[in-house]
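Descriptive analysis of the structure
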Amino acid sequence: MKLKQRVTNTNRSRRRSHQPLKPVLRFSPNAWAKLLFLRDYGETEVGGFGITANEDLLFVRDLKLVRQVCSWAHVAFEDDSVADLFDEQVDAGLRPEQFGRIWIHTHPGNCPLPSPTDEQTFARVFGQSEWAVMFILAQGGKSYARLQMNSGPGASLRIPVEIDYSQSFTGCDHESWESEYLTHVQSHNSKTLFNNQDVDAIDFLENEFRFDLWDEANDFLSQTQRQEEHNDHDD
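Residue positions within a chain follow its written sequence, with the count starting from 1. Local features in this predicted model are restricted to residues whose pLDDT is 70 or higher, and side-chain atom pairs enter the listing and the counts only when it is 80 or higher, whereas totals over whole chains, interfaces and linings include all residues. Working from all heavy atoms in the structure, the side-chain values ignore hydrogens and water.

Things to note about the pattern of salt bridges
What counts here: Every case where a carboxyl oxygen of Asp or Glu lies within 4 Å of a side-chain nitrogen of Lys or Arg is listed as a salt bridge. Each residue is placed in one exposure class: buried if its accessible area under a 1.4 Å probe, protein chains only, is under 20% of its type's maximum, exposed if it is over 50%, and partly exposed if it falls in between. Secondary structure counts use DSSP, requiring at least four H or I residues in a row for a helix and at least two E residues in a row for a strand, with both numbered from the N terminus.
All told, the structure shown has nine salt bridges when counted by the stated rule. Between K64 and D62 there is a salt bridge, with the nearest N and O atoms lying 3.6 Å from each other. Given a relative accessible area of 27%, K64 falls into the partly exposed group. Here E78 ties to R67 by a salt bridge, and the two come within 2.9 Å at their closest N and O atoms. One end of the pair, E78, is in the loop between β5 (75-77) and α3 (79-91); the other, R67, is in the loop between β3 (59-65) and β4 (68-70), and eleven residues separate them in sequence. One salt-bridge network, held together by shared partners, links K34, D62, K64 and E180.

A short note on the sheet that holds strand β11 (residues 185-187)
Note the following rule: Pairing between strands is defined by DSSP: at least two bridges between them are needed. Note on definitions: angles span 0 to 180 degrees between N-to-C directions of axes, and those axes are lines fitted to C-alpha atoms, for helices only across the stretch in contact. Working rule for contacts: check all heavy atoms of both residues, and any pair within 4.5 Å makes them a contact.
Pairing in this open sheet of three strands is mixed, and the strands run β5-β4-β11 from one edge to the other. For this open sheet the edge positions go to β5 and β11, each flanked by a neighbour on one side alone. Ignoring which end each strand starts from, the neighbouring axes of this sheet average 20 degrees apart. Together, β4 and β11 form the strand contacts of helix α6 (residues 174-184), whose direction differs from that of β11 by roughly 60 degrees.

Focus on the sheet that holds strand β10 (residues 161-163)
The strand order across the open sheet built from eight strands is β9-β8-β7-β6-β2-β3-β1-β10, with neighbouring strands paired in mixed fashion. In the strand order of this sheet, the two ends are held by β9 (155-158) and β10, each with one partner. Neighbouring strand axes in the sheet, compared pairwise and without regard to direction, differ in orientation by 30 degrees on average. Across four bridges, strand β8 (residues 143-149) lies against β9 in antiparallel orientation. Directly across from Q148, in β9, lies its bridge partner S156. Across the sheet, α3 lies against β2 (47-52) and β3, angled at about 10 degrees from β2, the strand it touches most. Docked against the sheet, helix α5 (residues 116-126) engages β2, β6 (102-107), β7 (131-138) and β8, running at close to 150 degrees with respect to β7.

Pasting the structure below:
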């Protein structure tokens, strides 16, 4: 009986040891502090790209903004600014998966769940990547993180979020963060946007989140896909 019990316990231990660890999206204290500052600086959404460690692609050590137009419910990235950021990261020796796989943005209010526009953008822009993460931090403090695997049969998995306090915290750099925000973020009056029915407002809504991550190093959108979109437009 005792031998049987030992064998049973050993088998259970083996089964536990073979269970894969669930992925976790981790932030360094500096990256988290910066994200909180950027979220709270203005009244609109704000978005950027997570910069990760070479040895752990789910460990965000920094957050980079690109030029964008933001409202209470929308973010629109400028194509050229995205390409410039990617070029800078490649020149700095980073691999594409270190700077172009984790899409980070904020939501005013308490709900971190992705909107239909978030889902459409994530599928359209990051659907060509082998994998990508959508992370949303709401004003009220709640967060949402999802890992999307696009290779093979594909998979979608909600993952937990942690701040890794074992990493050193070098302190807040409010002056630098403020400068980055003011340089890259243009706020759009949401009341004007939703109350004004003129052509400009309609165009803004139709082109929300318009940014083509076709940088060669990242290869988010293939040449074939762009050609198909061009042919559909001609038809």
